Amino acid sequence: MRPPLIPCLGIATIASVISTISAFVLPSGSYLPPANTLVTPMVPFYPTTTAITTLVLRRRAAPFPSIATTNTVATRLAVATGTNGAIPFAATLTTGLHASPWWVWSMLLLASTAGVAAERSKVGAALSSPLITMAVALVVCNLGLLPAVAPAYATVNKFLVPLAIPLLLLDANLFKVLTQTGRLLRSFALGSIGTVLGTLVAAWLVPLRNLGVDGKEGWTIAAALASRHIGGAVNFVAVSETLATSAELTAAGIAADNLVVSFYFGLLFWLARRILPEEEEEEGQGGGVAGEGEKEEWVGRARVIEAADAPALGYLKALSLSCVLCMVGTWVGEGLLSGAISSLPIISLLSVTIATLFPRACASITEPAGHLAVILMNLFFSVTGAQGKLGKVLATAPRLFLFSAVQLFVHLAFLLGAGRGLFRLPFKELLIASNANVGGPTTAAAMAGSKKWKSLVLPGILTGILGYASATFIGLVLGRRVLAKMMMSSVGGS
């Protein structure tokens, strides 16, 4: 009794499809491996599918093999594939997935999606999307589903990270910041000084020697954390990329700092528990000078990025402007300055300049730019997790957790001591300024809004944007001029 023709053709068709996909995925000629090759990207698929097709069609005159004859079929299949009886399917499948750019990009985007989606829950909001995104990618990579090195990672670090910086800085109108923040600007400046002092104290108390490649990267992650506690995540990324901080150290820094910051935000709200909301008629006091309509506009812009109905033209304008700024910044950094300085600080400076000189043009595309920036930044956190080794991250994170905690303790102590003791600044303004330093404009506006301190919503956003505009430069100068000498001398002395 002959087997049905349709199942045979179905198997043959599937085999042909797999062979075709293998041929397209691999470079030309790479699907015909030498004999006895076991682990080569997608190697067994092409000869294996050919062998399956041949065996099925040859056995059309006889019944399909039973379980008792599977060893014979396996032997024939092994001979046809040149594997001498060993078909390392799991290893080959993993290697094949690693070799597929579409698989790598899919995993990176899925990790980013998981991080952003998790922020809708209370736990996810407390942990933050960068931490969740990085953790998902870290676990996926250490399970073997993502490679430790891939061309997609270089693409994200070389092109998408610089592209995100102008997108985040299109709100950085320095004229508006300096004229509409009022007293909160002084509080923010004190907080920035407190962060610098906290970094120096933490570098002295918490040894970061033997971290990173050759044990010489401790000062780079310290500088990145300093910029993070003046501006935000974009500054952490810019400084760590500029100073070439290793992926494991970057991942450990993000993980440790996000946990510390989550506790710190809880402390700020606890300190503000007895401060009453502002009365409706008190609008305009406390440093803000914007009208109610403008406040509502900025409150909406400060919320967690959600799906919006921004037109495609806005996205294209934002991407085009960001690409042009990245191009000019790269030309200046790599061409005119011959690589003496990274292009990322130059791109940041150009972005702030454009946002200040052309505020109306930039204001029309800030919303789509913010959406795009969230996507690109989360892709960076995915790559950081994928490049990290779980053991090294877990071994390094406790020291960085302590370092970040000391940083923020000194920051808050200096801010409250100098702000209240020397300048007699309102307590709630100091808390919002600290939130803008540590969390950025979004968290500062969210805290002011939740406490019903309406006059501090707009100043909180603007001071947070000022942190974005300045923290990268402060972190780089602090790192290269001070921290590198402190830590390298201590390493040399030890």
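Concerning helix 5 (residues 101–118)
Taking 1.5 Å as the rise per residue, helix 5 with 18 residues should run 26 Å; its terminal C-alpha atoms sit 26 Å apart, in good agreement. All buried positions along helix 5 are accounted for by Val104, Met107, Leu108, Ala111, Ser112 and Gly115. One side of helix 5 carries all its buried residues, which in axial view fall inside an arc of 130°. Relative to its buried face, helix 5 has exposed residues pointing more than 90 degrees away, namely Trp102 and Leu110.

Regarding a nonpolar patch on the surface
Taken together, Val139, Leu143 and Leu145 make up a surface patch of nonpolar side chains, about 270 Å² in accessible area. Considering the arrangement of structural elements, one finds Leu143 in the loop between helix 7 (129–142) and helix 8 (151–169). According to the relative accessible area criterion, Leu143 is exposed, its value standing at 63%.

Here we look at the packing of aromatic side chains
Within this structure, the stated rule accounts for one aromatic pair. Pairing Phe380 with Phe381 gives two aromatic rings, centres 5.6 Å apart and planes at 65°, and the pair type is edge-to-face. Its relative accessible area of 2% is what places Phe380 among the buried residues. The class of Phe381 is buried, set by a relative accessible area of 4%. The ring of Trp270 carries the charged tip of Arg273 above its face, separated from the ring centre by 3.9 Å.

Structural notes on the environment of Ile132
Residue placement: Ile132 occurs in helix 7. On the basis of relative accessible area, Ile132 is assigned to the buried category, the value being 15%. Considering only alpha carbons, one finds Ile132 and Ser112, 20 residues apart in sequence, at a separation of 8.4 Å. In this structure Ile132 touches Ala114, Gly115, Ala118, Gly124 and Leu127, once residues within four positions along its chain are discounted.

Details of the pattern of salt bridges
In the structure shown here, the tally under the stated rule is three salt bridges. Residue Arg228 pairs with Asp257 through a salt bridge whose shortest N-O separation is 3.3 Å. Of the two residues, Arg228 is situated in helix 11 (residues 218–228) and Asp257 in helix 13 (residues 247–271); the sequence distance between them amounts to 29 residues. No difference in accessibility class separates Arg228 from Asp257, as the two residues are buried. Across the pair Lys428 and Glu278 runs a salt bridge whose closest N-O atoms are separated by 3.1 Å. Taken together, the residues Lys428 in helix 20 (residues 427–438) and Glu278 in the loop between helix 13 and helix 14 (292–302) connect sequence positions 150 residues apart. A single burial state applies to Lys428 and to Glu278, both of which are buried.

Let's talk about the environment of Ala137
Within the secondary structure, Ala137 sits in helix 7. With a relative accessible area of 1%, Ala137 lands in the buried category. Along the backbone, Ala137 and Leu108 are 29 residues apart, and their C-alpha atoms lie at a distance of 7.0 Å. Leave out the neighbours within four places in its chain, and Ala137 touches Ala111, Ser382, Gly385 and Ala386.

Describing the nonpolar core
By size, the foremost hydrophobic cluster in this structure holds 110 residues, and its most contacted members are Leu108, Leu146, Tyr153, Leu208, Leu400, Phe403 and Ile432. Residue contributions to this core peak at 13 residues, all from helix 22 (residues 457–493). Residues contacting Leu208, with those up to four places away along its chain left out, are Gly218, Ile221, Ala222, Arg399, Leu400, Phe403 and Met487.

A short note on unusual backbone geometry
Of note in the backbone geometry, Ala244 takes a positive phi value of approximately 55° without being a glycine. With respect to the helices and strands, Ala244 occurs in the loop between helix 12 (233–242) and helix 13. Look at Arg424: it is not a glycine, yet its phi comes out positive at around 55°. By relative accessible area, Arg424 is classed as exposed at 65%.

A closer look at helix 21 (residues 441–450)
Listed as buried for helix 21 are Pro441, Ala444, Ala445, Met447 and Ala448. The arc that holds every buried residue of helix 21, seen down its axis, measures 160°, which confines them to one face.

Things to note about the side chain of Ser434
Relative to the assigned elements, Ser434 resides in helix 20. Here Ser434 falls in the buried class, since its relative accessible area comes to 0%. A distance of 2.5 Å separates a polar atom in the side chain of Ser434 from a polar atom in the side chain of Tyr264. Looking at Ser434, its side chain comes within polar contact range of the side chain of His411, at 2.9 Å. What Ser434 contacts, discounting residues up to four positions off in sequence, is Tyr264, Leu268, His411, Leu412 and Leu415.

Rules behind the numbers
Residues numbered from 1 in each chain as written. Predicted model: local features only at pLDDT ≥ 70, side-chain atom pairs only at ≥ 80, totals over all residues. Heavy atoms only, no water. Helix = DSSP H or I, 4+ residues; strand = E, 2+ residues; numbered from the N terminus. Expected span 1.5 Å × (residues − 1). Buried < 20%, exposed > 50% of the residue type's maximum accessible area, 1.4 Å probe, protein only. Arc of directions from axis to C-beta. Patch = residues over 30% accessible without salt bridge, like charges linked within 9 Å, V, L, I, M, F, W, Y side chains within 5 Å. Areas by Shrake-Rupley, 256 points an atom, 1.4 Å probe, with all protein chains shown as cover. Salt bridge = Lys/Arg side-chain N within 4 Å of Asp/Glu carboxyl O. Phe/Tyr/Trp six-rings, centres within 6.5 Å; stacked < 30°, edge-to-face > 60°. Lys NZ or Arg CZ within 6 Å of the ring centre and 35° of its normal. Contact = heavy atoms within 4.5 Å. Core = buried A, V, L, I, M, F, W, Y, C linked by side-chain atoms within 4.5 Å. Polar contact = N/O pair within 3.5 Å; in protein donor to acceptor, adjacent residues only side chain to side chain.

Keep in mind these numbers describe shape, not what the thing actually does.
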